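Residue-level structure breakdown
Okay, here's what each chain looks like letter by letter:
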Amino acid sequence: MLVRDMKHLNKQKISPSAVVGASQSGNVLRITSAELLAGQRELVIEHGAEEYRLRITSKGKLILTK
């Protein structure tokens, strides 16, 4: 599975590092916001017991809120 297939991760609850081994080449995993958001304007990131929202503003900026 490639990073381009990230839109399917939301349904499968698979982490991005499971898709592309970030440590394979010693580089940090890099994806575009378009790949991450998969055509949506907002997504929820679960981190431990907390939820964060990543969204695109009306001016095209990214904002992460708790």
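From a predicted model like this one, the values you see are computed outputs, not experimental measurements.

Before going further, it helps to examine the pairing of strand β3 (residues 62–65). Relative to β3, strand β2 (residues 50–56) is paired through four bridges, and the arrangement is antiparallel. Paired with Arg 55 across the bridge in β3 is Ile 63.

Quick look at the environment of Ser 33 now. For Ser 33, the position within the fold is in helix α3 (residues 33–37). The class of Ser 33 is partly exposed, set by a relative accessible area of 38%. Considered as a pair, Ser 33 and Ile 56 are 23 residues apart in the sequence and their alpha carbons are 9.2 Å apart.

Now for the pattern of salt bridges. Under the defined criterion, the tally for this structure stands at two salt bridges. Of the charged contacts, one joins Arg 53 and Glu 42 as a salt bridge, the two residues approaching to 2.9 Å between their closest N and O atoms. Pair noted here: Arg 53 is in strand β2 and Glu 42 is in strand β1 (residues 42–47), with a separation of 11 residues, a long-range link. Here Glu 42 falls in the partly exposed class, since its relative accessible area comes to 36%. Glu 50 is paired through a salt bridge with Lys 66; the nearest N and O atoms lie 3.7 Å apart. Here Glu 50, found in strand β2, pairs with Lys 66, found in the segment after β3; they are 16 residues apart in sequence, far enough to count as distant. Take Lys 66: its relative accessible area is 68%, and that puts it in the exposed class.

Conventions adopted
- Residues numbered from 1 in each chain as written.
- Predicted model: local features only at pLDDT ≥ 70, side-chain atom pairs only at ≥ 80, totals over all residues.
- Heavy atoms only, no water.
- Pairing = 2+ DSSP bridges.
- Helix = DSSP H or I, 4+ residues; strand = E, 2+ residues; numbered from the N terminus.
- Buried < 20%, exposed > 50% of the residue type's maximum accessible area, 1.4 Å probe, protein only.
- Salt bridge = Lys/Arg side-chain N within 4 Å of Asp/Glu carboxyl O.

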